[in-house]
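Okay, here's what each chain looks like letter by letter:
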Amino acid sequence: MQLFRRFLAHYADYHRHGPLMLRYLSLVGLVFFPAYYLLRFTKSEPVYDDWVLRLVDAAICAALFLRDRWPARWRRYYFAYSYVVLIVTLPVTFVFTSLKHGGGTIAVGNTLMAAFLVILLADWRNVIVILLAGFAAAVGLYAATDPAPMMPVDYIERWPILLAVVVGGSLFKFALERATADKVRSAYASLAASIAHEMRNPLAQVRHSLEGVQKVLPPPGALPQLTQLGAAELDILYRHVAQGEQAIQRGLQTISMTLDEVHAKPLDPAVFSYLSASEVVHKAVDEYSYGDDQARDRIRMQVVDDFQFRGDETAFLFVLFNLIKNALHYVAQYPSIRVDITIGGHEIKVRDNGPGIPAHVLGGLFEPFRTAGKSGGTGLGLAYCRRVISAFGAEIRCESMVGQFTEFSMRFPPIGETEREQHRAQVLEAARATLAGKRLLLVEDDAAQRVTTRHKLRPLDMQIDEAADGQRALDMLARHPYDLVLLDLHMPVLDGYQVAQRVRQGEVPANRYVRIIAHTSEPVHVARVKTQRAGMDAFISKPCAQLPLAQALQRALQRRASSAASLPLDGRRLLLADDSAYNRRAVAAYLRDAGATVVEVDHGVAVLEQLESGGTFDAVLMDLNMPGMDGLEAARSVRGSGRSWAKVPIVALTAHSDSAAIDAARIAGMDGFLIKPVEAALLYDSLVALLGGTRPVPRPEALPPPVVMVDAEGPLLNETRLESYLRLGLLDELLADYLPEIARLVDVLAEAVHAHELQRARDALHSLLGMSGEAGALALYQRVRRIYVPVLEQRVWPEGQAWVTDLRALAARTEQALRDYGARQAPQGVPSAGG
């Protein structure tokens, strides 16, 4: 039985990514077994009337085809049932009928056809098992049912040919699969090399920023009076941090753009908005991650006349980033390069005086995986640009002369005055619906700026108070409650950062959690870091037009409030499915803390049973990898049930985040996708958005970044996650449960590796991955993930067994770090549960 389970596991893995093959087989069998039976009578009287066998074949194929209508508790046996169907309908049926008809050429052909189909529908191990089992069963059935059984000589003589066909077909299929796998690996290697090349500059910039931080920091062991940083040093630190964050953002943008193009991710016109060409270009020029300050000085903007177009701002920023990156690529070889961006006449032109592009290259410039002489590029950037611009209803073209210039021009369809006014009215009305009657404190030392801003906000029907400096702002915040503060950062007496810090520290208790929006002319990447660290909720750049200002205030008010009393999922009833009780406990605690009622189950069948029992759920959160019926099967069953709960929102939970997993979840009918370990804020945001809720989601008070325990591996613990458990009162309980279970799973993994039991090792890695992530064991989670993905996708683990020893050592260091953390959090005199 254990051997059969192993063969069945290989068979299930073979069909897991292509389940339609079995569905097609069942449909073909359902139609053709009866059809060919009737067709035979148009030619001659058959030697053996096999209508009973054909009826059985058609019936079991029909049952296989109707799998979506099976009771939930039966679906876990789907692959085992299909395995039996393959044996009965192919080798048993065709060999048995061939023997009953006395052999002959047609019988040999039918047997060969059955063998070919088995080769297509099973892995090589199960091809052997299915054919041998089927042939033996057919011969046995023939001997038992025929009064004078006799093996046809011509049929037997051709069995060596059948054997050659099976062996040759299997080898051919194996070679084809290996060639396909090699092509896929080669494509992935090429893409990985290209992305690695694109990531070198951002990583170099991060290193440069860290070196700058090191220069400013006091040396280790410095006297306390020498460790104080002055304002100038602090500003330098923030700028280096901002540059590092900007470089990381550039790397993430490169990855996002590349993956979007590889997967041909479509843009959703429903999220398009009206964009100002000058504003979005200005934002791109400000936010692009330049290699140095001199590179920024090479960019010149000229606005002949501004215009609006309809599109997605983030996607268009990626387009501009790509064009700027291409224009600056040859700076080292051409130090005099300048980039001119011109806006006017419903066109945006990006022109550089670099080396130019040969005429024979221009024709295929926008095709995927084509580059214009650059080494290491992905060849996807310009293909992405064309796809985005086309989605906007616009067109992009390139003109170039070698040695003189290259110019990319994007021409957008004009938007009529009526449409613009209608859009303006809609934006202001939506903002007014949120902001009308709200009280805003406008803090600005420039009287002209205050007048201009008040004029822009007049259509929103807000109650606006003014303060000319930071101290007056604090005085007013102490006297009146406010919904919003629009805060200039550079003012006399107290600047905006000092005001925000005092507000968040509770100096004005009634407004400690008021939404603060910075209004600044600082560089965007610097302002983002500094305002976030100061506890502000958002920032907008100066100068700012009316519509972006109104939308920024609207978004700030709609975002989650800082008060922990706000319950974004209050009144919601959620079904949580995960085979790991430890993982369920953490996610369920987050959900209950947000006000939800949570029902927990541990496999897909239980999900269907809960839904069928008549319980009403607002959403289902489901692990993809569960024993028996997994998350994908359960989702397909829900969607195909035809019941009132068939459209319940389903969110996938998984530690496996590649595009295949995401696509499989989407095809199965899932509405969302969350990566384990799940972060509370992302969990809340995803569910509120999915459920169409408008209630605010609690936002934690701005605090200093958590100290992260590190060793030679890098960060050992994710203390942000541990602090969330501490706030929920779960830390001691989780440490008491997680630490022995992590140690046990490492032992199970070691035993499985020693015994060469791949399936058992995969299960242990799967559990260890989820548990280490939920436990905040960051380094262990990352190490396990690097091992788990090849085991899952390629069914291979690292060579040798040294990696198991290393993993055990890392688990031991992690366990000690978690115990130390628990001890630090325990009240004086009270031992922690982990210690």
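Scroll up to find the structure.
All figures in this text were calculated on a predicted structure; none of them were measured in a lab. Position numbers for residues start from 1 in each chain and track the written sequence from start to end. Residue-level local features of this predicted model are given only where pLDDT is at least 70; pairs of side-chain atoms are given and counted only at 80 or more, and the full residue set underlies all totals for whole chains, interfaces and linings. Side-chain descriptors were evaluated using all non-hydrogen atoms of the structure, hydrogens and water having been removed beforehand.

A.B. asks: Tell me about the packing of helix H27 (residues 731-754) against helix H30 (residues 802-825), residues and numbers included.
C.D. replies: Simply put, an axis is a line fit to the C-alpha atoms, just over the touching stretch for a helix, and the angle between two N-to-C directions goes from 0 to 180 degrees. Only runs of H or I of at least four residues qualify as helices and only runs of E of at least two qualify as strands under DSSP, and these elements are numbered from the N terminus. At a minimum axis separation of 11 Å, H27 and H30 run at an interaxial angle of 175°. With respect to their mutual orientation, H27 and H30 come out roughly antiparallel. Only Trp-803, Val-804, Leu-807, Arg-808, Ala-811, Glu-815, Leu-818, Arg-819, Tyr-821, Gly-822 and Gln-825 of H30 make contact with H27, whose side of the interface consists of Leu-731, Leu-735, Leu-739, Val-746, Asp-747, Leu-749, Ala-750 and Val-753. Residue composition of the contact of H27 with H30, by class: 13 nonpolar, 2 polar and 4 charged. Should an angle fall under 35 degrees it is taken as roughly parallel, and over 145 as roughly antiparallel, whereas 65 to 115 is taken as roughly perpendicular and any remaining angle as oblique. Residue contacts are defined here by distance: any two heavy atoms, one from each residue, within 4.5 Å place the two residues in contact. Under the grouping applied here, Gly and all other residues not named as nonpolar or charged are polar, the nonpolar ones being Ala, Val, Leu, Ile, Met, Phe, Trp, Tyr, Cys and Pro and the charged ones Asp, Glu, Lys and Arg.

A.B. asks: Any chance you could break down the nonpolar core for me, citing the residues and the numbers?
C.D. replies: The criterion is simple. A nonpolar core is a set of buried Ala, Val, Leu, Ile, Met, Phe, Trp, Tyr and Cys residues joined through side-chain atoms within 4.5 Å. For the exposure calls, accessible area comes from a 1.4 Å probe over protein chains only, and a residue counts as buried if that area is under 20% of its type's maximum, exposed if over 50%, partly exposed in between. Counting residues in hydrophobic clusters, the biggest one holds 65 residues, and the most contacted among them are Leu-569, Leu-591, Leu-621, Leu-683 and Leu-687. Considering each element in turn, this core owes the most residues, 13 residues, to H27. Those residues in contact with Leu-621, other than ones at most four positions away along the chain, are Leu-574, Leu-575, Leu-576, Ala-577, Leu-591, Val-651, Leu-653, Leu-683 and Leu-687. Core analysis: the second largest hydrophobic core is formed by 47 residues, Ile-299, Ala-315, Ile-324 and Ile-396 among them.

A.B. asks: Could you give an account of the sheet that holds strand S9 (residues 463-467), naming the residues involved and the relevant values?
C.D. replies: Note on pairing: two strands pair once DSSP finds at least 2 bridges between them. The 5 strands are arranged S9-S8-S10-S11-S12 in an open sheet whose pairing can be described as parallel. Two strands lie at the open edges of the sheet, namely S9 and strand S12 (538-541), each paired on one side alone. Along the sheet, successive strands turn relative to each other by an average axial angle of 20°, direction set aside. Pairing of strand S11 (residues 515-520) with S12 involves 4 bridges; the strand directions are parallel. Bridge assignment links His-519 to a residue of S12, and that residue is Ile-540. Of the strands in this sheet, strand S8 (439-443), S9 and strand S10 (484-488) are in contact with helix H17 (residues 470-479), which crosses S9 at around 140°. Sheet strands in contact with helix H20 (residues 546-558) are S8, S10, S11 and S12, and its direction is about 130° off that of S10.

A.B. asks: For the environment of Ala-137, give the residues involved together with the corresponding values.
C.D. replies: Structurally, Ala-137 can be placed in helix H6 (residues 124-145). Ala-137 sits 41 residues away from Phe-96 along the chain, and the two C-alpha atoms are 8.5 Å apart.

A.B. asks: Give a detailed account of the packing of helix H21 (residues 581-593) against helix H25 (residues 680-690), specifying residues and quantitative values.
C.D. replies: It is at 10 Å that the axes of H21 and H25 come closest, and there the two elements cross at 60°. Here H21 is positioned oblique relative to H25, judged by the angle of their axes. In this structure, H21 meets H25 at a crossing whose hand is right-handed. Residue-level contacts link Val-587, Tyr-590, Leu-591 and Asp-593 of H21 to Ala-680, Leu-683, Tyr-684 and Leu-687 of H25. A clockwise turn of the near helix away from the far one marks a right-handed crossing, whereas an anticlockwise turn of less than a right angle marks a left-handed crossing.

A.B. asks: Quick one: what's the story with the packing of aromatic side chains, residue by residue and with numbers?
C.D. replies: Aromatic rings from Phe, Tyr and Trp, taking only the six-membered ring of Trp, are treated as a pair when their centres fall within 6.5 Å; an angle between ring planes under 30 degrees marks them as stacked, one over 60 as edge-to-face, and anything in between as tilted. Under the criterion given, the structure shown has 15 aromatic pairs. Centre to centre, the rings of Phe-309 and Phe-316 are 5.0 Å apart; their planes meet at 65°, and the pair counts as edge-to-face. Of the residues examined, Phe-316 reaches a relative accessible area of 0% and is grouped as buried. In textbook terms, an aromatic cluster arises when at least three aromatic residues are bridged by ring pairs, as seen for Tyr-11, Trp-70, Tyr-78, Phe-79, Tyr-81 and Tyr-83. Charge over a ring is defined by NZ of Lys or CZ of Arg lying within 6 Å of the ring centre and within 35 degrees of the ring normal. Across from the ring centre of Phe-65, 4.7 Å away, lies the NZ or CZ of Arg-23, which sits over that ring. In this structure, Arg-67 is placed above the aromatic ring of Tyr-78, and the distance from its NZ or CZ to the ring centre is 4.9 Å.

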